[in-house]
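A structural walkthrough
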Amino acid sequence: SSDLMTLFIDCSMVNPRYSSQTKEDLITEPKDYKTSWTVPDKMINKIVKSSIIQSILDWAAAKAQAEEMKELRKLNKETDKADPRRVEKFSDALEKHQRHKCVLFLTEGDSAAKAVQSGRGKNPFIGSIPLRGKPLNVREKDIKRILENEEFKKLMTIIGLKLGQKVESVNDLRFGKIAFTTDADVDGAHICGLLMNIFDRFWPELFELGVIHIFRTPLVKVFLKNKEVLEFFTEREFHAWEEKTGKKTNGWRHKYYKGLGTSTAAEFIKYFDAMDNYLFQISVESEEDLQAIDLAFNSQRADDRKAWLETNAANFEDFIVDAA
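Everything numeric in this text was worked out from a predicted model, so none of it was measured.

With that settled, the discussion passes to the overall build of the protein chain. Scanning the protein chain from N- to C-terminus turns up twelve helices and eight strands. Expressed as a percentage of contacts within the protein chain between residues at least 6 apart in sequence, the contacts between residues at least 24 apart total 65%. Accessible surface, the protein chain: about 20600 Å² in total, of which carbon and sulfur atoms supply 51%.

This is the structure we're talking about:
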């Protein structure tokens, strides 16, 4: 068979010593052999190129995957038994039947979650949970460490996800949309990236199903004399409008919304009333998109990442706009 390797050794030894009369075990010490043999490079190269090496690698990979799946099934049993309503600080959507219409807001901190809750009013399709710190980078982490992460397990329970099980339809989930809700700064962008990294590794089909979104609130609001309100998502857009309009010649004022907590409950109600204006779907459209996520979070690509970071980049705000 091409997958079988037999190693035959033919040698002669002077005054060999055995453990018994039946000569089953040779007990001559290697130092008494008076000779040695080194495997030639040619032979090593031939073995490496043979199909048996690939068979060994396939066997090792299959064994590792079997162990991983065993751990995954164990966690899936845990999350099946877990009651989402008992997850700490989770505020569930009130809708019982049309769960595919529900939106889960993953917020940066408690204050943002409270803002979402206060603004949703009687809207039955909105749920929220605050994230504690930065999500785990699951790109290269050992599966056991990932399974020990409580935040990761909370997300699985709340959304209705199972490891190693593909999501066929949004009807399989407890929420039809997931909205990353962070401040419009570098930390907020990092949190969004880490969340995308989680879903890309374990449930990439969620991007195809249109589940993954970013919820963006205005960074600057302009209040005109006629009570009209203009909203700008970047400083660049605001300053461009400001230069064109003139420095408050028309009696307008503006306000910066550096964090989500700056918006009032009344403002969040308006955001939710016109949610399509603030909810931006994240899609993976090409291999280039997948490579971008891998480049950012793969620990084995530190050199590539360094070169990328040293490359002249566009304005950070442009990145935010492009991402949305």
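Our focus in this paragraph is the nonpolar core. One finds Leu106, Phe180, Phe199, Trp203, Leu206 and Ile212 to be the most contacted residues of the largest nonpolar core, which totals 39 residues. Elements that contribute at least two residues to this core include exactly β1 (103-108), β2 (126-131), α4 (143-147), α5 (150-159), β3 (177-181), α6 (186-202), α7 (205-208) and β4 (212-215). It is α6 that provides the largest number of residues to this core, a total of seven residues. Apart from the residues within four sequence positions on either side, leucine 206 is in contact with Leu161, Val167, Leu173, Phe199, Val211 and Ile212. Core analysis: the next-biggest nonpolar cluster, separate from the first, contains 14 residues, Val103, Val116, Phe233 and Tyr278 among them.

Quick look at the pattern of salt bridges now. According to the stated counting rule, one finds ten salt bridges in the structure shown. In this structure, lysine 134 and aspartate 187 form a salt bridge, with 3.3 Å as the shortest nitrogen-oxygen distance. Placement of lysine 134 in the loop between β2 and α4 and of aspartate 187 in helix α6 is noted, with a sequence separation of 53 residues between them. The exposure class of lysine 134 is partly exposed, given its relative accessible area of 41%. A salt bridge links lysine 221 to glutamate 267, with the nearest nitrogen and oxygen atoms 3.0 Å apart.

To continue, consider the packing of helix α10 (residues 287-297) against helix α11 (residues 302-310). Put simply, α10 and α11 touch, their axes get as near as 8 Å, and they point 105° apart. Judged by the inter-axis angle, α10 sits roughly perpendicular to α11. Here α10 contributes Leu295, Ala296 and Phe297 to the contact with α11, which in turn contributes Asp304, Arg305 and Trp308. When grouped by side-chain class, the residues that make up the contact of α10 with α11 number four nonpolar, no polar and two charged.

Our next topic: the sheet that holds strand β7 (residues 253-256). A sheet is described by the order of its strands in space; here three strands give the open sequence β6-β5-β7, paired in antiparallel fashion. The strands lining the two open edges of the sheet, one partner per strand, are β6 (229-232) and β7. Direction aside, neighbouring strands of the sheet carry axes that sit 20° apart on average. Looking at chain direction, strand β5 (residues 220-223) and β6 are connected through four bridges and run antiparallel. Residue pairing for β6: lysine 221 is matched across the bridge by glutamate 231.

For the rest of this paragraph, the subject is the pairing of β5. By the alternation rule, side chains of β5 split into Val220 and Val222 and Lys221 and Phe223, which are all buried. Hairpin connection of β5 to β6: five residues between the antiparallel strands, including lysine 227 at a positive phi of 75°. With four bridges connecting them, β5 and β7 associate as antiparallel partners. Residue pairing for β7: phenylalanine 223 is matched across the bridge by arginine 253.

Applying the stated rule across the entire model yields 20 aromatic pairs. Judged by centre distance (6.3 Å) and plane angle (55°), the rings of phenylalanine 215 and tyrosine 278 are tilted. With a gap of 63 residues between them, phenylalanine 215 in strand β4 and tyrosine 278 in the loop between α9 (265-273) and β8 (279-281) connect regions that are remote in the sequence. A relative accessible area of 1% means that phenylalanine 215 is categorised as buried. For tyrosine 278, a relative accessible area of 6% translates into the label buried. The structure contains a cluster of three or more aromatic residues connected by ring pairs, namely Phe105, Phe215, Phe233, Phe268, Tyr271, Phe272, Tyr278 and Phe280. Across from the ring centre of phenylalanine 175, 4.8 Å away, lies the NZ or CZ of arginine 99, which sits over that ring.

The next thing to look at is the environment of serine 51. Structurally, serine 51 is set in helix α2 (residues 51-81). Using a relative accessible area of 31% as the deciding quantity, one classes serine 51 as partly exposed. A C-alpha to C-alpha distance of 9.6 Å links serine 51 and methionine 5, two positions 46 residues apart in sequence.

For the rest of this paragraph, the subject is the environment of asparagine 137. Structurally, asparagine 137 is set in the loop between β2 and α4. Overall, asparagine 137 belongs to the partly exposed group, its relative accessible area being 21%. Between the C-alpha atoms of asparagine 137 and leucine 194, which are 57 residues apart in sequence, the distance is 6.1 Å. The contact partners of asparagine 137, leaving out residues within four places of it in the chain, are Leu194, Asn197 and Phe297.

Taken together, five strands build an open sheet; the order of strands is β2-β1-β3-β4-β8 and the sheet is mixed. Single-partner strands in this sheet number two, and they are β2 and β8. This sheet shows a mean twist of 30° between the axes of neighbouring strands, independent of strand direction. Strand direction decides the pairing type here: β3 and β4, joined by three bridges, are parallel.

Rules of the game
Along each chain, the written sequence defines residue order, and numbers are assigned to residues from 1. Thresholds applied to this predicted model are a pLDDT of at least 70 for local features of residues and 80 or more for the giving and counting of side-chain atom pairs; totals over whole chains, interfaces and linings are not thresholded and use all residues. Side-chain metrics in this entry use all non-hydrogen atoms of the structure; hydrogen atoms and water are not considered. Helix and strand assignments come from DSSP, with helices taken as H or I runs of at least 4 residues and strands as E runs of at least 2, each series counted from the N terminus. Should any heavy atoms of two residues lie within 4.5 Å, those residues are considered in contact. Here, Shrake-Rupley sampling with a 1.4 Å probe gives the accessible areas, and only protein chains in the shown set may cover a residue. For the purposes of this section, nonpolar cores are sets of buried Ala, Val, Leu, Ile, Met, Phe, Trp, Tyr and Cys residues that join through side-chain atoms within 4.5 Å. Think of it in three bands: with a 1.4 Å probe and only protein chains considered, a residue is buried below 20% of the maximum accessible area for its type, exposed above 50%, and partly exposed in between. Salt bridge, as applied in this entry: a Lys or Arg side-chain nitrogen positioned within 4 Å of an Asp or Glu carboxyl oxygen. Angles shown run from 0 to 180 degrees and are taken between the N-to-C directions of axes, each axis being a line fitted to C-alpha atoms and, for helices, limited to the stretch in contact. Under this scheme an angle from 65 to 115 degrees is roughly perpendicular, one under 35 degrees roughly parallel, and one over 145 degrees roughly antiparallel; angles in between are oblique. Here the nonpolar group is Ala, Val, Leu, Ile, Met, Phe, Trp, Tyr, Cys and Pro; Asp, Glu, Lys and Arg are the charged ones; every other residue, Gly included, is treated as polar. If DSSP finds at least two bridges between two strands, the strands pair. We call Phe, Tyr and Trp rings a pair once their centres come within 6.5 Å, taking the six-membered ring for Trp, and we label the pair stacked below 30 degrees between planes, edge-to-face above 60, and tilted otherwise. Charge over a ring is defined by NZ of Lys or CZ of Arg lying within 6 Å of the ring centre and within 35 degrees of the ring normal.

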